[in-house]
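# Breakdown of the fold
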Amino acid sequence: MKTLGYISTTVTLMCMPLIAEAAGGGVGFQNPLNASTICGALKIFLDGLMALAVPVAVVFLVYAGFLFVWARGNQEALTKAKKNLFYTVLGIAIFMGAWLLGQVVANTFNSLASGAGQPNSQIGQCQ
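Report on the accompanying structure. (Residues numbered from 1 in each chain as written. Predicted model: local features only at pLDDT ≥ 70, side-chain atom pairs only at ≥ 80, totals over all residues. Heavy atoms only, no water.)

Here we take up the overall build of the protein. From N to C terminus, the protein includes three helices and zero strands. Start at the N end of the protein and walk to the C end: the helices and strands fall as α-α-α. The buried share among the 127 residues of the protein stands at 15%. Counting contacts in the protein only where the partners sit at least 6 residues apart, residues at least 24 apart contribute 41% of the total. Total accessible area computed for the protein in this model is approximately 10000 Å², and 72% of it derives from carbon and sulfur atoms. (Helix = DSSP H or I, 4+ residues; strand = E, 2+ residues; numbered from the N terminus. Buried < 20%, exposed > 50% of the residue type's maximum accessible area, 1.4 Å probe, protein only. Contact = heavy atoms within 4.5 Å. Areas by Shrake-Rupley, 256 points an atom, 1.4 Å probe, with all protein chains shown as cover.)

Another point: a nonpolar patch on the surface. Taken together, Val54, Val56, Val58, Phe60, Val62, Tyr63, Phe66, Val69, Trp70 and Met96 make up a surface patch of nonpolar side chains, about 930 Å² in accessible area. Top element by residues in the nonpolar patch is helix H2 (residues 38–71). It accounts for nine residues. Among the structural elements, Val62 can be located in helix H2. (Patch = residues over 30% accessible without salt bridge, like charges linked within 9 Å, V, L, I, M, F, W, Y side chains within 5 Å. Salt bridge = Lys/Arg side-chain N within 4 Å of Asp/Glu carboxyl O.)

Moving on, we come to H2. Under the 1.5 Å per step criterion, the end-to-end length of H2 is 48 Å for 34 residues, consistent within 8% with the ideal 50 Å. Those residues of H2 that sit buried are Gly40, Met50, Ala57, Ala64, Leu67 and Ala71. Just past H2, the residue Arg72 takes up positive phi, approximately 50°. (Expected span 1.5 Å × (residues − 1).)

For the rest of this paragraph, the subject is the packing of aromatic side chains. Any two aromatic rings considered together are summarised by their centre-to-centre distance and by the angle between their planes. For the structure shown, the criterion picks out two aromatic pairs. Between Phe66 and Trp70, the ring centres sit 5.4 Å apart and the planes meet at 20°, which makes this aromatic pair stacked. In this pair, Phe66 and Trp70 both sit in helix H2, four residues apart, roughly one turn of the helix. Overall, Trp70 belongs to the exposed group, its relative accessible area being 54%. (Phe/Tyr/Trp six-rings, centres within 6.5 Å; stacked < 30°, edge-to-face > 60°.)

On to the environment of Leu33, then. By the secondary structure assignment, Leu33 is in the loop between helix H1 (2–22) and H2. The spatial distance from the C-alpha of Leu33 to the C-alpha of Phe45 is 9.1 Å, given a sequence separation of 12 residues.

The subject of this paragraph is unusual backbone geometry. The phi torsion at Arg72 lies on the positive side, around 50°, for a residue other than glycine. Overall, Arg72 belongs to the exposed group, its relative accessible area being 75%.

Right, let's talk about the side chain of Thr88 for a bit. Of note, Thr88 is situated in helix H3 (residues 75–115). Judged by its relative accessible area of 11%, Thr88 falls in the buried class. In this structure the side chain of Thr88 is engaged in a polar contact, spanning 2.8 Å, whose partner is the backbone oxygen of Asn84. (Polar contact = N/O pair within 3.5 Å; in protein donor to acceptor, adjacent residues only side chain to side chain.)

If you want it as structure tokens, here you go:
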């Protein structure tokens, strides 16, 4: 009996576009990213990733500070705190360096496209 319910639900969901089309409603898909190029989609993705990475980096920096406070002179705990701070700063530097490299590549593509006499070319547009 459960199987019959699953099958009928699946068939109904699969037929919904046909029913909507028969009723006169257009069925289609919209671009959720509003990006017309791969470069634009990559820029949207990296901007979203940056919006998530900055608060996470701040949380890890605060955690490293708490590790220093909680160490209270204990050499083993201080070593752990220093290592945590080092890797946090290293991770932030790597992420910011990757972001900077992406910006340089995008600006290079944009300047090459405009320098070739095609300012409206879609080759390197990353807006």
